[in-house]
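Results of the structural survey
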Amino acid sequence: MRTGPGQRYETHWTVSRGYPFRVIGRKGAWLHVSDFEGDKAWVFRSMTDKTPHYVVKAQSANLRRAPGARSPVVKRAGYGDVLRTIERRGNWVKVRHEGGATGWVQRSLVWGW
């Protein structure tokens, strides 16, 4: 992630694979993006893909065996954890945690698509 659209610009920060962004602009082969905290940076387009992911925006989020608040917790995800989208069902999303666990999380606790 860079401060401007090119390799001559300073590195702003580094993110893990699958980290979701919203594209807010383009300049050549560079994308101007925003994250769930509202931070903005530039990324080279070929470093991105369209695989859907979420990031935990709550202090913590329970991944559950089934979509429902009474379903057993299989994993607790923390703020900023990246979750790959598997399925969507109403206000719940089935995800795979970057550590490998799979479960359902309330959509209100995450940001992405």
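Everything discussed here concerns the structure shown above.
What this report covers is the structure whose coordinates are included nearby. (Residues numbered from 1 in each chain as written. Predicted model: local features only at pLDDT ≥ 70, side-chain atom pairs only at ≥ 80, totals over all residues. Heavy atoms only, no water.)

**Considerations on the overall build of the protein chain**
Threshold: The helix count covers DSSP runs of H or I at least four residues long, the strand count covers runs of E at least two residues long, and both are numbered beginning at the N terminus. Think of it in three bands: with a 1.4 Å probe and only protein chains considered, a residue is buried below 20% of the maximum accessible area for its type, exposed above 50%, and partly exposed in between. Any two residues whose heavy atoms approach within 4.5 Å at even a single point are treated as in contact.
Helices and strands together make up the secondary structure of the protein chain, namely zero helices and 10 strands. When its C-alpha atoms are laid out on the principal axes, the protein chain stretches across 50 × 20 × 20 Å. For the protein chain, buried positions account for 36% of its 113 residues. Counting only contacts in the protein chain whose residues sit at least 6 apart along the sequence, the fraction spanning at least 24 positions is 43%.

**Here we look at the packing of aromatic side chains**
Operational definition: Pairing of aromatic rings covers Phe, Tyr and the six-membered ring of Trp, with a centre-to-centre limit of 6.5 Å; geometry is then stacked below 30 degrees between planes, edge-to-face above 60, and tilted otherwise.
In this structure the tally under the stated criterion is four aromatic pairs. One aromatic cluster in this structure is built from Tyr19, Phe21, Phe36 and Tyr79.

**Side note on the sheet that holds strand β3 (residues 40–44)**
Stated formally: Here, strands pair whenever DSSP counts at least two bridges between them. Working convention: axes come from line fits to C-alpha atoms, limited for helices to the stretch in contact. Angles between N-to-C directions cover 0 to 180 degrees.
Strand order across the open sheet formed by three strands is β1-β2-β3, with antiparallel pairing between neighbours. In this open sheet, the two strands that pair with only one neighbour each are β1 (22–27) and β3. Each neighbouring strand pair of the sheet contributes to a mean axis angle of 30°, computed without reference to strand direction. Sheet topology places strand β2 (residues 30–34) next to β3; five bridges connect them, and they run antiparallel. The residue bridging serine 34 from the neighbouring strand is lysine 40, located in β3.

**Focus on the side chain of threonine 85**
Here is the rule: Nitrogen and oxygen atoms within 3.5 Å of one another constitute a polar contact, given that in protein one can donate a hydrogen and the other can accept it, and given that sequence-neighbouring residues count only through two side-chain atoms.
Here threonine 85 shows up in strand β7 (residues 82–89). For threonine 85, the side chain forms a polar contact with the main-chain oxygen of tryptophan 113, separated by 2.9 Å. In this view, threonine 85 contacts Pro52, His53, Tyr54, Val93, Lys94, Val95 and Trp113; residues no more than four positions away in its chain are not counted.

**A look at the environment of methionine 1**
As for its placement among the helices and strands, methionine 1 is situated in the segment before β1. Accessibility expressed as a relative area gives 13% for methionine 1, which makes it buried. The spatial distance from the C-alpha of methionine 1 to the C-alpha of lysine 75 is 29 Å, given a sequence separation of 74 residues. Residues within four places of methionine 1 in sequence aside, it is in contact with Glu10, Thr11, His12, Trp13, Val15, Phe21, Val33, Ala41, Trp42 and Val43.

**Concerning the nonpolar core**
Heads up, the rule is: To qualify as a nonpolar core, a set must consist of buried Ala, Val, Leu, Ile, Met, Phe, Trp, Tyr and Cys residues joined through side-chain atoms within 4.5 Å.
Counting 11 residues, the largest nonpolar core consists of Met1, Tyr19, Phe21, Leu31, Val33, Phe36, Ala41, Val43, Val55, Val82 and Trp111. Counting residues per element, the ones that place at least two in this core are β2 and β3. Not counting chain neighbours up to four residues away, the residues in contact with valine 33 comprise Met1, Phe21, Arg22, Val23, Ile24, Asp39, Lys40, Ala41 and Val43. Core analysis: the second largest hydrophobic core is formed by 10 residues, Tyr54, Ala77, Leu83 and Val95 among them.

**Points about the side chain of aspartate 35**
Going by this rule: The sign given to each residue is positive for Lys and Arg and negative for Asp and Glu; His and the chain ends receive no count. In what follows, salt bridge is the name for a side-chain nitrogen of Lys or Arg lying within 4 Å of a carboxyl oxygen of Asp or Glu.
Of note, aspartate 35 is situated in the loop between β2 and β3. Although aspartate 35 is buried, it forms no salt bridge, and the closest oppositely charged side chain is lysine 40 at an N-O distance of 8.2 Å. At 3.5 Å, the side chain of aspartate 35 forms a polar contact with the side chain of tyrosine 19.

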